[in-house]
Amino acid sequence: EKMSPTPPLFSLPEARTRFTKSTREALNNKNIKPLLSTFSQLPGSENEKKCTLDQAFRGVLEEEIINHSSCENVLAIISLAIGGVTEGICTASTPFVLLGDVLDCLPLDQCDTIFTFVEKNVATWKSNTFYSAGKNYLLRMCNDLLRRLSKSQNTVFCGRIQLFLARLFPLSEKSGLNLQSQFNLENVTVFNTNEQESTLGQKHTEDREEGMDVEEGEMGDDEAPTTCSIPIDYNLYRKFWSLQDYFRNPVQCYEKISWKTFLKYSEEVLAVFKSYKLDDTQASRKKMEELKTGGEHVYFAKFLTSEKLMDLQLSDSNFRRHILLQYLILFQYLKGQVKFKSSNYVLTDEQSLWIEDTTKSVYQLLSENPPDGERFSKMVEHILNTEENWNSWKNEGCPSFVKERTSDTKPTRVVRKRTAPEDFLGKGPSKKLLMGNEELTRLWNLCPDNMEACKSETRQVEKFSHEILESSSSEPTAISLYRAVNNSNYGWRALRLLARRSPHFFQPTNQQFKSLPEYLENMVIKLAKELPPPSEEIKTGEDEDEEDNDALLKEHESPDVRRDKPVTGEQIEVFATKLGEQWKILAPYLEMKDSEIRQIECDSEDMKMRAKQLLVAWQDQEGVHATPENLISALNKSGLNDLAESLTNDNETNS
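Just so it is clear, the model here is predicted, and its values are computed rather than measured. (Residues numbered from 1 in each chain as written. Predicted model: local features only at pLDDT ≥ 70, side-chain atom pairs only at ≥ 80, totals over all residues. Heavy atoms only, no water.)

**Q** Go over the overall build of the chain, please, and point to the residues and values.
**A** Counting its regular elements, the chain contains 32 helices and zero strands. Buried residues in the chain amount to 33% of all 655 residues. Of all intrachain contacts in the chain linking residues separated by at least 6 positions in sequence, the fraction that spans at least 24 positions is 71%. (Helix = DSSP H or I, 4+ residues; strand = E, 2+ residues; numbered from the N terminus. Buried < 20%, exposed > 50% of the residue type's maximum accessible area, 1.4 Å probe, protein only. Contact = heavy atoms within 4.5 Å.)

Structure representation (structure tokens):
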């Protein structure tokens, strides 16, 4: 028997040489196919080949950097590595390792070009393939780059890096949050603290003008220096720039001595701003000239604290806005609730009052500061209010904005099999529909066309209503009444009838009913007392004699007897109008609970409606004892004697 040939073993030097050659070829062709072909042909495990290709990429990149190749060639290698990760022939961290190598080796001007590539591919870095493998590499790379950059000289580049990190990481990423509200204490503003060396107040006009020309060039202002009307001495200069230390470290304001110093300096500086306001016309003209000449606003990360610039700075609207905005940010921290703020850092009532008044003054100064002061002031206020939401979010521990969908919490819904037509269609020629309920089946099959059945004149609502009213006019027995109200057919039809005929159906009531039969029983008894019989039967002579006798008795009936009859709906309506706002005085004497009185107040704002609800609730509560006599007695007890007398007169008149 012949032995099968053994597969060739993986050789690192050979694989690296072939991958390096394929990488060069792929770069020349701007196509990844040579690398894919070599990867499939080489022997060895997939992991061995991936690691070898990673080393080959770094080797080619190193040669390009040593040979001072252009940024385009370097970026082509990184783009090739990104394609390799997508095709699965190199590890996911390779592009980030290559980026780190490039940024460590190239000067800052070329790093700017490389970082532009990084910014454009933020969507790639955030994809599932790259994010978990590369986020730490990118963070480390950006921090290393920030350490090389100057915040004053490379301000824009630093800002781009910060914005890139904000786009890359989610809002809740802890590495990008100042959770403990720490301040940048290294941001010290240096100024002349030696009064002996100060030139302010001295009359060396020529020297000062020459100095101002030089400094003015630094500020990017091509206009000739103008004399300032603000009287500036070393005292104002020192106090003005000393305030920057409080803005740098606001905690000092909680110390008694430091607060007094801050208070004194602030009042003097703000007084200068109030006394010497800027001219809107001059500022607008300057802005228009800048727009015509295409001039751009020059931003400096640090204040220029030269004494020679002080008068120009105080006359500059943007400079004033910077200072006033610093005040507002400081006040927001002092007043706000910060989780990691020490318990000793509490403002006194006097401090809180001063901050509140000064905040209003600062907003007023901002609105008066040209150009567009009013609009700028409102925008700042809106932004600071929004900042309060971020502070609250940080105080709560920065919870994620993404709500996780709970899995397997809802019980699985049982799918019911749809009933087949033959299961509910009856057998035989009639094809009777079975509705699952005897009464529904009977009603459904009365007429083939339901709409025609609804329009039919033979419907039994009127007949049924006569039966109900007739039975209500007599004294029903407990058994017959119980059977009637517990009949579902009766209940449904009775509700329809009440909605059409009875005024009690829509009247508000505080009486609680646990079930429909209980409600219907109450309504039947109430209707039996109030409504006349709906049908007139043929009267016999004996019946007529009885009616005559009843009429004769009613004529000679005393007023006291009439008062014993329950109040009617009409009487309640009339008396509610008279009672009006005094309903709450009467309520306790009608034995109404506080909860019932509060419910009446919640139900309606109209006094007449509240009075009516009170009387209806009392009628429901008392039943047959809700008589004019008892109502008059309650009125007398509550001190409403005039209303009691009026009700007595109305009762006698109606009788």
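**Q** How would you sum up unusual backbone geometry? Please name residues and give values.
**A** Looking along the chain, the bond that leaves Pro 370 and enters Pro 371 is cis, with omega of -10°. Note that Pro 371 resides in the loop between α16 (349-368) and α17 (373-395).

**Q** Help me get a handle on the side chain of Gln 332, residues and values and all.
**A** Position of Gln 332 among the secondary structure elements: in helix α15 (residues 317-335). The contacts of Gln 332, once residues within four sequence positions are left out, are Leu 384, Glu 387 and Glu 388.

**Q** How would you sum up the pattern of salt bridges? Please name residues and give values.
**A** When the charged atoms of two side chains lie near each other, side chains of opposite charge can form a pair. A complete count under the given rule lists 14 salt bridges for this structure. For Glu 601, the salt bridge identified is with Lys 584, shortest N-O distance 2.6 Å. Taken together, the residues span a long stretch of sequence, with Glu 601 in helix α29 (residues 594-603) and Lys 584 in helix α28 (residues 583-586) at a distance of 17 residues. Three or more residues are tied together by salt bridges with common partners; here these are Arg 24, Glu 63 and Glu 64. (Salt bridge = Lys/Arg side-chain N within 4 Å of Asp/Glu carboxyl O.)

**Q** Quick one: what's the story with the nonpolar core, residue by residue and with numbers?
**A** In terms of nonpolar packing, the biggest core is built from 53 residues, with Leu 35, Phe 57, Ile 78, Ile 114, Trp 125, Ile 161 and Phe 164 touching the most fellow members. Ranked by residue count, the leading element in this core is helix α4 (residues 71-87), at nine residues. The residues contacting Ile 114, other than those within four sequence positions of it, are Cys 71, Val 74, Leu 75, Leu 99, Val 102, Leu 103 and Leu 106. Counting 43 residues, the second-largest nonpolar core is a separate cluster that includes Phe 240, Tyr 254, Leu 324 and Tyr 327. (Core = buried A, V, L, I, M, F, W, Y, C linked by side-chain atoms within 4.5 Å.)

**Q** An account of the packing of helix α8 (residues 131-148) against helix α9 (residues 155-168) is needed here, citing residue identities and associated values.
**A** Between α8 and α9, whose axes approach to 11 Å, the crossing angle comes to 160°. One element, α8, and the other, α9, form an angle in the roughly antiparallel class. Judged by the sense of rotation from one axis to the other, the crossing of α8 with α9 is left-handed. Every residue of α9 that contacts α8 at Tyr 131, Leu 138, Leu 139, Cys 142, Leu 145 and Leu 146 is listed here: Phe 157, Cys 158, Ile 161, Gln 162, Phe 164, Leu 165 and Leu 168. The class makeup of the residues in the contact of α8 with α9 is 12 nonpolar, one polar and no charged. (Axes fitted to C-alpha atoms, helices over the stretch in contact; angles between N-to-C directions. Parallel < 35°, antiparallel > 145°, perpendicular 65-115°, else oblique. Left-handed = near helix turned anticlockwise from the far one by under 90°. Nonpolar A, V, L, I, M, F, W, Y, C, P; charged D, E, K, R; others polar.)

**Q** Account for helix α30 (residues 607-622), naming residues and giving values.
**A** Helix length check: α30, at 16 residues, gives a terminal C-alpha distance of 23 Å against a target of 22 Å (1.5 Å per residue), a fit within 8%. Listed in full, the buried residues belonging to α30 are Arg 610, Ala 611, Lys 612, Gln 613, Leu 614, Leu 615, Val 616, Ala 617, Trp 618, Gln 619 and Asp 620. Taken from the residues just after α30, Gly 623 is the one with a positive phi, measuring 65°. (Expected span 1.5 Å × (residues − 1).)

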